[in-house]
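# Residue-level structural notes
Residues per chain, in single letters:
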Amino acid sequence: MSTDRKNHDMTQAEADIALLLADATDAVEIGTAPVQAVLRGGRRRRTRRWAVATATAVAVLGGSAGVTVAFAGLPGEHRTQVAAKPASPEARHVYEPQRTTLSRGTYQGREWSVSVQVWGAPRNETEADRQFDAMDVLGMKPADVRVPADLIGKISYFATRGWEGEHGQQVMFNTVRTPETYAGTDLEAIATRFSSDPASSGRLVIGIVAKTAQEVTCHWKDGRTGVAHPLVGFSAHDDGNAIRAVDGFPTANWFVCVAPQGTVYQSAEVTK
């Protein structure tokens, strides 16, 4: 929870979040933890500290059919409200992530793809243990997580590049209590490759931008440029450049730029 966020009335769903944060009093360092160095632009700082304040614990009433709660109203009135049953781990995507394909294409006649996985926050050690094992099956290694309990109260995201249907290799990832919000020309990106072939190094660019960004321009070292715009769905005319919303990641959009053969990444910027 950001220290400069305005207080607001908590709904029942927000009460669930309050329970997760009730015991958290230490500051949490967040920032992308990529396999390769992150290249940043816009107004963003290299790191940002978020204060995690102790929240007021609110009792969450559960039951197979919900719980009826009575409260006072006008004289002579007696109103009731049904408390919603807390969402299951499956509904929160704790054991199976939400997946969004950002881009895809071919390289040397073989298919490559870029996707983002977003895993929901476990609420206790049992959920954390199962999530840790599920991530391991997919070859995902969450950032700054030494034991499964480190996942409690945090979401995890992984940008992965796939090759020929293999498990995606994570290239940009983090585990945080709250995803960072991007605004204006904020941008961060990495340059990677389509496959294990070193000849493709620096040709695949993956990044994060504000939800308001309408155009990202990637500059290549030979002076050419590639432009990514917001897209929904895929077509036969796609060139690999795209800005897309990612399921489970409400604070920013993600983008991909693809460098033409014979050149590599130099820089990227939000141009609209």
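Residues numbered from 1 in each chain as written. Predicted model: local features only at pLDDT ≥ 70, side-chain atom pairs only at ≥ 80, totals over all residues. Heavy atoms only, no water.

### Focus: the pairing of strand β13 (residues 225–228)
Strand residues, when the strand is regular, have side chains that alternate between the two faces of the sheet. Every second residue of β13 is oriented toward a common face, the buried set being Gly226 and Ala228 and the non-buried set Thr225 and Val227. Relative to β13, strand β12 (residues 216–220) is paired through four bridges, and the arrangement is antiparallel. By the bridge assignment, cysteine 218 is partnered in β13 with glycine 226. Linking two consecutive strands that pair antiparallel, namely β12 and β13, is a turn of four residues; a positive phi of about 95 degrees is found at glycine 223 within it. (Buried < 20%, exposed > 50% of the residue type's maximum accessible area, 1.4 Å probe, protein only. Helix = DSSP H or I, 4+ residues; strand = E, 2+ residues; numbered from the N terminus. Pairing = 2+ DSSP bridges.)

### Points about the state of the cysteines
Evaluation of the coordinates by the stated rule reveals one disulfide. A sulfur-sulfur separation of 2.3 Å characterises the disulfide bridge that pairs cysteine 218 with cysteine 257. What sets the handedness of the cysteine 218 and cysteine 257 disulfide is the S-S torsion sign, and at about 80 degrees it is right-handed. Here the residue cysteine 218 occupies a position in strand β12, and cysteine 257 occupies one in strand β15 (residues 249–258), the gap between them amounting to 39 residues. Taken as a pair, cysteine 218 and cysteine 257 share a single burial class, namely buried. (Disulfide = S-S within 2.5 Å.)

### Some points on the sheet that holds β12
Taken together, the three strands give an open sheet; going across it, the order is β13-β12-β16, and neighbouring strands pair in antiparallel fashion. Since the sheet does not close on itself, it has two edges, and those belong to β13 and β16 (265–270), each with one partner. The sheet shows a mean angle of 20 degrees between the axes of neighbouring strands, direction not considered. Relative to β16, β12 runs antiparallel, the two sharing five bridges. Along β16, the bridge assignment pairs threonine 217 with glutamate 269. (Axes fitted to C-alpha atoms, helices over the stretch in contact; angles between N-to-C directions.)

### Points about the nonpolar core
Formed by 24 residues in total, the largest nonpolar core has its most connected members in Leu102, Trp112, Leu204, Ile206 and Trp254. Those elements that place two or more of their residues in this core are β6 (98–107), β7 (110–119), β8 (155–163), β9 (169–176), β11 (204–209) and β15. The element contributing the most residues to this core is β15, with five residues. Ranked by size, the runner-up nonpolar core spans 16 residues in total, among them Ala189, Ala228, Ile243 and Cys257. (Core = buried A, V, L, I, M, F, W, Y, C linked by side-chain atoms within 4.5 Å.)

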